Amino acid sequence: MTNIPAIIKKIMPSVVSIVVSENIKKIPKKLLNKKSQKKLKKIADHNGNIEIGGGSGFIIDKSGIILTSKHIVADPKADYSIIMSNGKKHKAKVIFRSPHNDVAIIKISNLKFQNSKLQSIKLGNSDKIQLGEIVLAFGSPLGNFPNTVSEGIISGLHRKIIAETDLKPGNDTLKEMIQTDAAINPGNSGGPLVNIKGEVIGINTIAVANAENISLAISINSAKEILKKIKQQY
C-alpha cells in the first residue's frame, strides 16, 4: 500500500512559494493619479514593494537552485523572493529563462542561506511514466494556500498545447506535456508533479479552462538538459 503521507513529508521541505513584487518607484507616475499612488503606498512594504503575482517551485540542488515555470518569473523588471515550507522568506534571482519552453531557473540570493542545509528533490524519468500512475501535485494555489498537495493519476501523455509563456509577442508550442486529474490551480504553476517513489516527473503548468480535472505539466526530461548546463555554471 502506498504511504502518501510519508511521500508528502519527504517532498514538502523542497517545495517553495514564489512571490513576485515590483517597487512603486518603477511604476511611471503618469500611469497613476494621486489617489492611486496613496493606495499603493498603503499596501507596499517598508521598501516600497507591492506583490503583483506568484507561483511555486522546487529545490533541485542544495546550492539553492530552484526549478519553476517561466511564465511566473517572466518580468525582468520584477523582484523575486521565495517562501520555504517553514515560512521563512528569502530573496532570489532569475538565472535562466528557456527561450522555447515554460521552464525557468531561479537561485536563492542569500549566500549565508545557501550554505545551510537545503533539501533538494530527486528527479525521475518522465519517459517511463504510464497511464493510470498515481501522482501528487504540490504548490501554493492562489498564493493563499501554501503547502498544498493534491492527488490524481496520469490521464494522458504526449499532449501539445500553444500558450503564452513570457512577455514577448507570440506563443510557444509546449510539447510532451503530461495530463493529470490532480488539481492544478493558479499558484500551483512551477510546483512539482511527483510519482509514488517521491520523484519529480513533471512541472505543474496549467489547468485547461472550461474543463474539469484536466491539468497539464511539463515533463521533467524536457528540463534535464537545461539543468545540466546551469549546474555547470553555478
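Positions within a chain are numbered from 1, following the residues in the order the chain's sequence is written. At least 70 in pLDDT is required for a residue's local features to be given in this predicted model, at least 80 for side-chain atom pairs to be given and counted, and no such filter applies to totals for whole chains, interfaces and linings, which use all residues. The basis for every side-chain value is the complete set of non-hydrogen atoms in the structure, without hydrogens or water.

### Topic: unusual backbone geometry
Then step 1. The phi angle at H158 is positive, at roughly 60°, despite the residue not being glycine.
Then step 2. Here a strand is any run of E in DSSP of at least two residues, a helix any run of H or I of at least four, and the numbering for each starts at the N terminus. With respect to the helices and strands, H158 occurs in strand β8 (residues 148-163).
Then step 3. Note on H158: relative accessible area 59%, which makes it exposed.
Then step 4. Here the phi dihedral of N213 falls at roughly 60°; this positive angle occurs in a residue that is not glycine.
Then step 5. Within the secondary structure, N213 sits in the loop between β11 (200-207) and β12 (215-219).
Then step 6. To sort residues, take the accessible area from a 1.4 Å probe on protein chains only and compare it with the maximum for the residue type: under 20% means buried, over 50% means exposed, and anything in between is partly exposed. Accessibility expressed as a relative area gives 54% for N213, which makes it exposed.

### What about the pattern of salt bridges?
Opposite charge on two side chains makes pairing possible when the charged atoms of those side chains draw close.
Then step 1. Salt bridge, as used here: a side-chain nitrogen of Lys or Arg that lies within 4 Å of a carboxyl oxygen of Asp or Glu. Tallied over the entire structure, the rule returns one salt bridge.
Then step 2. A salt bridge links E199 to K122, with the nearest nitrogen and oxygen atoms 3.7 Å apart. Note that E199 is positioned in the loop between β10 (192-195) and β11 and K122 in the loop between α3 (111-114) and β7 (134-139), a separation of 77 residues in sequence.
Then step 3. Given a relative accessible area of 15%, E199 falls into the buried group.
Then step 4. Relative accessible area serves as the criterion here: at 54%, K122 is assigned to the exposed category.

### Here's the deal with the sheet that holds strand β2 (residues 49-61)
Then step 1. Strand order in the closed barrel made by the six strands is β1-β2-β3-β6-β5-β4, with antiparallel pairing throughout. Put simply, the sheet's adjacent strands are angled 45° from each other on average, direction ignored.
Then step 2. Pairing between two strands is assigned when DSSP locates at least 2 bridges connecting them. Where strand β1 (residues 15-23) meets β2, nine bridges bridge the pair, whose relative direction is antiparallel. Following the sheet pairing, S21 is matched in β2 by E51. Each axis is a line fitted through C-alpha atoms, and for a helix only the stretch in contact is used; angles between axes span 0 to 180 degrees, taken between their N-to-C directions.

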